[in-house]
Amino acid sequence: MTSVPVGSDPVQEVGIVASGDVVKARQIIRTLAQQSRLSLVDQTKLVTAASELARNTVVYGGGGTMRACVARDGAKVGVWVQFTDQGQGIPDLELALTDGWSSGKGMGLGLSGARRLVDEFDLRSAAGEGTTVTVVKWVR
Amino acid sequence: MAGADMAQRLVQLLTDQRDAFVEQWVDTVVRSLRGRITEAELRRELTELYGAVLEALASGGLAPRAEHFAEVRSLLVELSRNRARQGFSPTETAISVFSLKEVLEPVLSGENDDIRAYLQFSRLLDDLGLFTVEEHGRTREEIISVQAEQLLELSTPVVKLWDGVVGVPLVGTLDSARTQVVMEKLLQSLIDSNSTHAIIDITGVPAVDTQVAQHLLKTVVAARMMGAECTISGIRPQIAQTIVTLGIEFGDIPTKATLSDALRHALAQRAAAGQAGGLL
Amino acid sequence: MTERVPVLKIGDVLLVSIQVDLEDQMVLDLQEDLSDRIVATGARGVVIDISALEIVDSFVGRMLATIASISRLLGAETVVVGMRPAVAMTLVELGLSLGGVRTALNLEQGLGYLNSARDKQLGVPGFTAGSPDTGAETR
């Protein structure tokens, strides 16, 4: 799932650098969520997850990119989103996904919270090598 | 004999005896469906399909998944869907296609070319037949998922119990898909009816395990965040025992044995908060 | 240069109605503006209307909790009103419970709550002069 499922719509790519880009990311994801006909609650969950991850990219990753598209896998339709940064990375993935953990100021809900809001969640990172988070929300 | 020639031979055959073939085809299929579909309707369907197959053969040969068979496929989709909705089995659906073979069989001369052409045609029909089975299955799945959705809708009514109090009588098992629907309906009804209290009655829930409790808790917390209080009622003695045995914590969520207790509690709370309390 | 969320004063209540998708900077500005206005006006209550917000993420959620704490220190009570069902369900899943933040279904109920809270404090039941009618009491 770290690559776009074959047969998906074209991928949009946008830089997530300043905090204003978080709003832009939310708008793009909302449009895709509507296109893929996610239910209102699922749209809200996905956009919220994207907002958390986009902010992580800006705050902890020092900026990066978001790639997103309407994903199609057989009969399933959904939205695929990937955030990539070249920041300092996360040394301990398991710890990072624990509720309440945070390397910066905040409540530490970003990663673990976002994971609960989506159907598929993949986190890849190593200290000094940046971070890639990929999420998918499928239409039920 | 090349592919194009075979197609040519078939087209010629199918064109020459068009009316007779269609007639026999309709006959065979009608028998297999045992009168559950009118002959007129079937004739219309098959005549159209016959025409489309003929045209596809004439225009581009024998590859059934190719572009020029689009028209045939869309007719088959329609046919399969109708059959599936009318309750015909996949076999009964596919037979409509396969029986065209039987029609063609007796008119062939014993020549090699004819046999080869027939085999090719038969392979084409096999493929189209399988296609109808696939479509039949897909339609069935659609019907099932629509029904599952309707069941969700049916089983989660939200009723107004009093001014400012709504009730949700839950019946059946609570899984996460249903919880989301129940939650959404409950929370929306709080807004629509301007209700500050909701009573979730679980008399009809057969078992409460940690997961169900988790779902109930989430609903209550969400309602609270919107500014409404929830009470859980209808906790039967066995359920109360299970809850305690499993060590499930409902936290500070008020729970009551019966709906009327819960309603009294909600009205008392509304009165205490200076909201219109009705009879109290 | 960024937009600012307007803070309106009605009687002794400050009303904040968030109508746009919030940029992080706007959230921080609002926090600051509101603290200043509470002190300047001596407001006793703050109502934050989020009914137009399609999402509330942990950043905005945290802001709401912070504003509630700050205004409590300054002697005003905060009520967050109009949260959408989908937003509430998402916040639960996110693990954010907005503990310590008072909420109400809509503006009317939020103002009603602030009024009755103040009446209790003053020991004058039903005293509503100088502030908007709560609606709840007139039904």
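Per an unreviewed UniProt entry, the recorded name for chain C is STAS domain-containing protein, and the organism is Streptomyces pyxinae.

S.K.: Can you explain the overall build of chain A? Please cite residues and give values.
M.R.: Of the regular secondary structure elements, chain A holds four helices and five strands. What you see in chain A, going N to C, is helices and strands ordered as β-α-α-β-β-α-α-β-β. For 140 residues, the compact-globule formula gives about 14 Å, and the C-alpha radius of gyration of chain A, at 14 Å, lands near that figure. In terms of overall dimensions, chain A has a C-alpha envelope of 40 × 25 × 25 Å along the principal axes. Across chain A, the fraction of contacts at a sequence separation of at least 24, relative to all contacts at a separation of at least 6, is 65%. Carbon and sulfur atoms make up 51% of the accessible area of chain A, which totals about 6100 Å². Counting 15 positive and 14 negative side-chain charges, chain A places the averaged centre of each group 8 Å from the other.

S.K.: So what about the interface of chain A and chain C? Which residues, and what values?
M.R.: Every contact between the two is made by 22 residues of chain A and, on the other side, 19 residues of chain C. Interface area, chain A with chain C, both sides summed: about 1900 Å², of which 59% is carbon and sulfur. Counting across the chain A and chain C interface gives six salt bridges. The shortest N-O distance in the salt bridge between Arg55 of chain A and Asp24 of chain C comes to 2.7 Å. Inspection of the chain A/chain C interface yields nine residue pairs in polar contact (both at pLDDT 80 or more). When contributions to the side of chain A that touches chain C are tallied by element, the ones reaching two or more residues are α1 (20-35), α2 (40-59) and α4 (110-117) of chain A. Tallying contributions element by element places α2 of chain A first for the side of chain A that touches chain C, with nine residues. A per-class count over the side of chain A that touches chain C returns eight nonpolar, eight polar and six charged.

S.K.: Could you give an account of the UniProt feature "domain: STAS" (unreviewed entry) in chain C, with specific residues and numbers?
M.R.: When the UniProt feature table is mapped onto this chain, "domain: STAS" (unreviewed entry) is found at residues 3-114 of chain C. Helix makes up 46% of residues 3-114 of chain C and strand 20%. Its end C-alpha atoms lie 28 Å apart.

S.K.: Break down the confidence of the model for chain C for me, with residues and values.
M.R.: Residues and elements named next belong to chain C. With 86% of its residues at a pLDDT of 70 or more, chain C has an overall mean of 85. Mean pLDDT values over the elements of chain C span from 86, in helix α4 (residues 107-122), up to 96, in strand β3 (residues 45-49). Low pLDDT (under 50) marks residues 126-139, which in the prediction has 23 contacts with non-local residues, meaning those over four places away or in another chain. Scored as a complex, the prediction yields pTM 0.72 and ipTM 0.86.

S.K.: Quick rundown of the packing of aromatic side chains? Include the residues and the values.
M.R.: The description of an aromatic ring pair uses the distance of the two centres, along with the angle that the planes make with each other. Residues and elements named next belong to chain B. Throughout the structure, instances matching the rule amount to one aromatic pair over all chains. Ring centres 6.3 Å apart and planes at 55° place the aromatic pair Trp25 and Tyr50 in the tilted group. One end of the pair, Trp25, is in helix α2 (residues 18-33); the other, Tyr50, is in helix α3 (residues 39-60), and 25 residues separate them in sequence. When its relative accessible area of 1% is taken as the criterion, Trp25 is described as buried. Between the NZ or CZ atom of Arg83 and the centre of the ring of Phe88, over which it lies, the distance is 5.9 Å.

S.K.: Explain the nonpolar core to me, and be specific about the residues and the numbers.
M.R.: Among the nonpolar cores identified, the biggest contains 103 residues, and Met66 of chain A together with Ile18 and Ile48 of chain C are the most heavily contacted of them. Dropping the residues within four chain positions of it, Ile48 of chain C is found in contact with Val16, Ile18, Leu34, Leu64, Ile67, Thr78, Val79, Val80 and Val81 of chain C. Phe21, Ile37, Phe69 and Ala117 of chain B belong to the second largest nonpolar core, which has 38 residues in total.

S.K.: Now, about the pairing of strand β4 (residues 229-233) of chain B: what can you tell me, with residues and values included?
M.R.: Look at any regular strand and the pattern is simple: side chains alternate between the two faces of the sheet. Residues and elements named next belong to chain B. Within β4, four of the five residues are buried, which leaves it mostly tucked inside the rest of the structure. The pairing of strand β3 (residues 197-204) with β4 spans five bridges and is parallel. Residue pairing in the sheet places Ile199 in a bridge with Thr231 of β4. A crossover connection joins β3 to the parallel β4 through helix α8 (residues 210-226); in handedness this β-α-β unit is right-handed.

S.K.: Help me get a handle on the side chain of Gln82 of chain A, residues and values and all.
M.R.: Position of Gln82 of chain A relative to the elements: it lies in strand β3 (residues 76-85). Here Thr134 of chain A takes part through its side chain, which lies 2.9 Å from a polar atom of the side chain of Gln82 of chain A.

S.K.: Pulling in residues and values, what's your account of the environment of Arg9 of chain B?
M.R.: When you line up the elements, Arg9 of chain B lands in helix α1 (residues 3-16). Put simply, Arg9 of chain B and Asp114 of chain B are 105 residues apart on the chain and 8.0 Å apart in space, counted from C-alpha to C-alpha.

S.K.: Tell me what's going on with α4 of chain A, and back it up with residues and numbers.
M.R.: Judged by how many residues are buried, α4 of chain A sits mostly within the fold: six of eight residues are covered. Within α4 of chain A, burial applies to Gly110, Leu111, Ser112, Gly113, Ala114 and Leu117 of chain A. Next to the buried residues of α4 of chain A lie α2, α3 (93-96), β4 (120-125) and β5 (131-138) of chain A together with α3 (85-94) of chain C.

Cut-offs applied
Residues numbered from 1 in each chain as written. Chains lettered and ligands numbered in written order. Predicted model: local features only at pLDDT ≥ 70, side-chain atom pairs only at ≥ 80, totals over all residues. Heavy atoms only, no water. Helix = DSSP H or I, 4+ residues; strand = E, 2+ residues; numbered from the N terminus. Rg over C-alpha atoms; globule rule 2.2 N^0.38 Å. Contact = heavy atoms within 4.5 Å. Areas by Shrake-Rupley, 256 points an atom, 1.4 Å probe, with all protein chains shown as cover. Lys, Arg positive; Asp, Glu negative; His and termini not counted. Charge placed at Lys NZ, Arg CZ, Asp CG, Glu CD. Buried area = accessible area lost by both parts, 1.4 Å probe. Salt bridge = Lys/Arg side-chain N within 4 Å of Asp/Glu carboxyl O. Polar contact = N/O pair within 3.5 Å; in protein donor to acceptor, adjacent residues only side chain to side chain. Nonpolar A, V, L, I, M, F, W, Y, C, P; charged D, E, K, R; others polar. UniProt positions renumbered as here; feature names shortened; annotations may be inferred. pLDDT = per-residue confidence, 0-100. Phe/Tyr/Trp six-rings, centres within 6.5 Å; stacked < 30°, edge-to-face > 60°. Buried < 20%, exposed > 50% of the residue type's maximum accessible area, 1.4 Å probe, protein only. Lys NZ or Arg CZ within 6 Å of the ring centre and 35° of its normal. Core = buried A, V, L, I, M, F, W, Y, C linked by side-chain atoms within 4.5 Å. Pairing = 2+ DSSP bridges. Right-handed = clockwise from strand over helix to strand, strands pointing away.

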